[in-house]
Amino acid sequence: MASNDQISLNDPHSPNANAIEAFNFVLATIKSEIVKSRHHWDKHEPKMWSRAKGISDTELINFNIEDDLVEVRSAGTSYGQIILGKIRIPAVNDEEGNGFVHVRLVNNSIHDPPNRGREDVLFHSLFTDEGDRDVDGRPTTWRAIQTSSVPLEFFNE
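Residues numbered from 1 in each chain as written. Predicted model: local features only at pLDDT ≥ 70, side-chain atom pairs only at ≥ 80, totals over all residues. Heavy atoms only, no water.

Overview of the overall build of the protein chain
Of regular secondary structure, the protein chain possesses 4 helices and 6 strands. Each helix and strand of the protein chain, ordered N terminal to C terminal, gives the series α-α-α-α-β-β-β-β-β-β. Taken over 157 residues, the protein chain has a buried fraction of 43%. For the protein chain, long-range pairs separated by at least 24 residues make up 63% of all intrachain contacts whose partners lie at least 6 apart in sequence. As displayed, the protein chain offers around 8,500 Å² of accessible surface, 46% of which is attributable to carbon and sulfur atoms. (Helix = DSSP H or I, 4+ residues; strand = E, 2+ residues; numbered from the N terminus. Buried < 20%, exposed > 50% of the residue type's maximum accessible area, 1.4 Å probe, protein only. Contact = heavy atoms within 4.5 Å. Areas by Shrake-Rupley, 256 points an atom, 1.4 Å probe, with all protein chains shown as cover.)

Regarding the sheet that holds strand β2 (residues 80-94)
Strands belonging to one sheet form pairs held by backbone hydrogen bonds; the direction of such a pair is parallel or antiparallel. Taken in spatial order, the 4 strands make up an open sheet running β1-β2-β3-β4, and their pairing is antiparallel. In the strand order of this sheet, the two ends are held by β1 (69-77) and β4 (121-126), each with one partner. Strand after strand, the sheet turns through a mean of 30 degrees between neighbouring axes, direction not considered. Relative to β4, strand β3 (residues 97-107) runs antiparallel, the two sharing 5 bridges. Each bridged residue has a counterpart across the sheet, and for Asn107 the counterpart in β4 is Val121. On top of the sheet, helix α1 (residues 17-25) reaches β1, β2, β3 and β4; it is set at about 75 degrees to β2, its chief contact. (Pairing = 2+ DSSP bridges. Axes fitted to C-alpha atoms, helices over the stretch in contact; angles between N-to-C directions.)

A closer look at the nonpolar core
In terms of nonpolar packing, the biggest core is built from 30 residues, with Phe23, Ile30, Trp49, Leu60, Ile87, Val103 and Leu105 touching the most fellow members. Breaking this core down by element, the ones donating at least two residues are α1, α2 (27-44), β1, β2, β3 and β4. Once residues within four sequence positions are removed from consideration, Phe23 is found in contact with Ile30, Ile65, Leu69, Val72, Ile83, Leu84, Gly85, Ile87, Val103 and Leu105. Ala75, Phe127, Leu152 and Phe155 belong to the second largest nonpolar core, which has 9 residues in total. (Core = buried A, V, L, I, M, F, W, Y, C linked by side-chain atoms within 4.5 Å.)

Examining the pattern of salt bridges
Counted according to the given criterion, the structure contains 8 salt bridges. In this structure, the salt-bridge partner of Arg51 is Glu96, at a minimum N-O distance of 3.8 Å. Note that Arg51 is positioned in the loop between α2 and α3 (57-60) and Glu96 in the loop between β2 and β3, a separation of 45 residues in sequence. Classification of Arg51 by relative accessible area gives buried; the value is 10%. Through salt bridges with shared partners, one network takes in Arg51, Asp94, Glu96 and Arg143. (Salt bridge = Lys/Arg side-chain N within 4 Å of Asp/Glu carboxyl O.)

A few points about the packing of aromatic side chains
Taken as a whole, this structure holds 1 aromatic pair when the rule is applied. Relative to Phe155, the ring of Phe127 has its centre 5.4 Å away and its plane inclined at 40 degrees; by these criteria the two rings are tilted. Linking Phe127 in the loop between β4 and β5 (129-133) with Phe155 in the segment after β6 (139-143), this pair joins segments that are 28 residues apart in sequence. We note that Phe127, like Phe155, is buried. Residue placement shows Lys31 over the ring face of Phe63; its charged tip is 5.0 Å from the ring centre. Cation over ring: Lys86 sits above Phe100, and NZ or CZ is 5.4 Å from the ring centre. (Phe/Tyr/Trp six-rings, centres within 6.5 Å; stacked < 30°, edge-to-face > 60°. Lys NZ or Arg CZ within 6 Å of the ring centre and 35° of its normal.)

Focus: the side chain of Arg51
At 2.7 Å, the side chain of Arg51 forms a polar contact with the side chain of Asp94. Residues contacting Arg51, with those up to four places away along its chain left out, are Val92, Asp94, Glu96, Gly97, Asn98, Gly99, Arg143, Ile145, Gln146 and Thr147. (Polar contact = N/O pair within 3.5 Å; in protein donor to acceptor, adjacent residues only side chain to side chain.)

Brief notes about the layout of surface pockets
Roughly 180 Å³ of internal volume is contained in the largest pocket. Lining the largest pocket are 13 residues, and of these Asn16, Asn18, Ala19, Gln81 and Ile83 sit closest to its centre. The set of elements that each furnish at least two residues to the lining of the largest pocket consists of α1, β1 and β2. Looking at the lining of the largest pocket residue by residue, the class counts come to 4 nonpolar, 7 polar and 2 charged. (1 Å grid on protein atoms, 1.4 Å probe; cavity = no way out; pocket = protein on both sides within 12 Å on 5 of 7 lines; lining within 4 Å. Points joined across faces, edges and corners; volume = space filled by probe spheres on them. Nonpolar A, V, L, I, M, F, W, Y, C, P; charged D, E, K, R; others polar.)

Take it as geometry only, folks, not as evidence of what the structure does.
Put into C-alpha cells, the structure is as follows:
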C-alpha cells in the first residue's frame, strides 16, 4: 500500500484523454460508492455529507466525467499507478461555491501487455475528511464534499 512519503504526485492538471477514459471505466462504481458513503455517514455522522442535504441521491450523482472531472494528479507505484481526480458535483452549489468529491483510482496495468485495455483500473476510495482534531484526537469537522480551494492531495482512505 502506498503512502504519501512513498510517492511523488505530478502537479494538478486538467484531465487528458487517458484520465477521462480511466474515470469513465469506473464511473458506475464511483457513483455507487458516493451513495453508499452518504448513507453510511448519514447513520453515524450526518455532517460528513451535509452540503448535500436536501439533494436526492439521483441529483447527487448526476455528473459526467467529460464535463465534471476538473483536475487530476497521478503517481507511479511498485504495483502500477495512483490516479486522483476532483469531480464537480453540479447539484451542490451553495454559499461555499461549487462542490467537489476527490476520488482515488488505482491502475494495476503495469504488469499487463500493452494496449490490453482498462480492466485493471479500479476504484479505490473517496476522500472523506475528518479534520480539526480536538485535544483527545477526535475530529470536530467532517466533509465529503470539498470546496474548489481544497487541493487535490494524496489520501489513503
